[in-house]
Amino acid sequence: MTDATPVIAEGDPRSADAIMLLDRHLAFTRANSPPGACYALDADELAAPAVTFWMARIGGAPAGCAALVLREDGFAELKSVHVLDAVRGSGLGAALVETCIAAAREAGCSHLGLETGWSEGFAASRRLYERLGFAYCDAFPPYKDGTFSCCMIRTL
């Protein structure tokens, strides 16, 4: 990746660049999750009317993605946050999450939740979410309390 400034914009999760990122996200999630505990959405699910999907590009090349799912009753959910290995630690993941936070606020949501995993593979993600003001909480639907799913929430 180049040192160019990232550009984050709404995108089509069914585009070739998005599919590449989502395939990597799904492979990572499956590799770090037990069977039955992978809750990643596919491109068609991310293209639903209640979902906004963002792509981050650096020098025009895809570098990361994130999605915001608007739920009823003032709740939104963060989904599909993924950045390429070459840009991990650069702040791009935080920028994508902050984009989703701002959009959830603008939509009038009072809370933003997420589900990640407790395995070591998700440790960096949990630290990022903690730094951005998310706190651990009980599982919310469709997730189940248990040994793997780690739910977090923040007030907006």
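Preceding this paragraph is the structure being described.
A closer look at the side chain of Arg-154
So, point 1. Here Arg-154 shows up in strand β7 (residues 149–155).
So, point 2. Look at Arg-154: it is buried, it has no salt bridge, and the nearest opposite charge is Glu-98 at 7.3 Å.
So, point 3. In terms of polar contacts, Arg-154 uses its side chain to reach the backbone carbonyl oxygen of Leu-132, at 2.5 Å.
So, point 4. Apart from residues no more than four positions distant in its own chain, Arg-154 is found in contact with Ile-101, Arg-105, Ser-110, His-111, Leu-112, Leu-132, Gly-133 and Phe-134.

Let's talk about the pattern of salt bridges
So, point 1. On inspection of all chains with the given rule, the structure shows five salt bridges.
So, point 2. Between Asp-12 and Arg-14 there is a salt bridge, with its nearest N and O atoms 3.4 Å apart.
So, point 3. Between Asp-17 and Arg-57 there is a salt bridge, and its shortest N-O distance comes to 2.9 Å. Placement of the pair is Asp-17 in helix α1 (residues 16–31) and Arg-57 in strand β2 (residues 51–58), with a sequence separation of 40 residues.

Overview of the nonpolar core
So, point 1. Core analysis: the largest hydrophobic core is formed by 39 residues, its most contacted members being Phe-53, Leu-78, Leu-92, Val-97, Tyr-129 and Phe-134.
So, point 2. Apart from residues lying up to four places away in sequence, Leu-78 is in contact with Ala-67, Val-97, Cys-100, Leu-112, Gly-113, Leu-114, Tyr-129 and Phe-134.

A short note on the layout of surface pockets
So, point 1. When its volume is computed, the largest pocket comes out at roughly 650 Å³.
So, point 2. Around the largest pocket, the lining is made up of 35 residues, and of these Val-81, Arg-88, Ser-125, Leu-128 and Tyr-129 lie nearest the centre.
So, point 3. Listing elements by their share of the lining of the largest pocket, those giving two or more residues are α1, β4 (75–83), α3 (92–106), β5 (111–117) and α4 (123–131).
So, point 4. Looking at side-chain class alone, the lining of the largest pocket contains 17 nonpolar, 13 polar and five charged residues.

Some remarks on the packing of aromatic side chains
So, point 1. Applying the stated criterion to the full structure yields seven aromatic pairs.
So, point 2. Taking the centre distance of 5.1 Å and the plane angle of 70° together, the rings of Phe-75 and Phe-140 count as edge-to-face. Here Phe-140 lies in the loop between β6 (135–137) and β7 and Phe-75 lies in strand β4, a separation of 65 residues in the sequence.
So, point 3. Exposure remark for Phe-140: the relative accessible area of 10% places this residue in the buried category.
So, point 4. A ring pair is formed by Tyr-129 and Phe-134, whose centres lie 5.8 Å apart and whose planes are at 70°; its orientation type is edge-to-face. Here Tyr-129 and Phe-134 have matching classes, each one buried.
So, point 5. Among the aromatic residues, ring-to-ring pairing joins Tyr-39, Phe-75, Phe-140 and Tyr-143 into one connected group.
So, point 6. Seen from the ring of Phe-28, Arg-88 lies directly overhead, with NZ or CZ sitting 5.7 Å from the centre.

Points about the side chain of Glu-77
So, point 1. Structurally, Glu-77 can be placed in strand β4.
So, point 2. Within the structure, Glu-77 has its side chain in polar contact with the side chain of Arg-71 (distance 2.3 Å).
So, point 3. In this view, Glu-77 contacts Ala-67, Leu-68, Val-69, Arg-71, Leu-112, Gly-113, Leu-114, Glu-115, Phe-140 and Tyr-143; residues no more than four positions away in its chain are not counted.

Each value, and the rule that gives it
- Residues numbered from 1 in each chain as written.
- Predicted model: local features only at pLDDT ≥ 70, side-chain atom pairs only at ≥ 80, totals over all residues.
- Heavy atoms only, no water.
- Helix = DSSP H or I, 4+ residues; strand = E, 2+ residues; numbered from the N terminus.
- Buried < 20%, exposed > 50% of the residue type's maximum accessible area, 1.4 Å probe, protein only.
- Lys, Arg positive; Asp, Glu negative; His and termini not counted.
- Salt bridge = Lys/Arg side-chain N within 4 Å of Asp/Glu carboxyl O.
- Polar contact = N/O pair within 3.5 Å; in protein donor to acceptor, adjacent residues only side chain to side chain.
- Contact = heavy atoms within 4.5 Å.
- Core = buried A, V, L, I, M, F, W, Y, C linked by side-chain atoms within 4.5 Å.
- 1 Å grid on protein atoms, 1.4 Å probe; cavity = no way out; pocket = protein on both sides within 12 Å on 5 of 7 lines; lining within 4 Å.
- Points joined across faces, edges and corners; volume = space filled by probe spheres on them.
- Nonpolar A, V, L, I, M, F, W, Y, C, P; charged D, E, K, R; others polar.
- Phe/Tyr/Trp six-rings, centres within 6.5 Å; stacked < 30°, edge-to-face > 60°.
- Lys NZ or Arg CZ within 6 Å of the ring centre and 35° of its normal.

Spatial relationships are all this shows, so hold off on functional conclusions.
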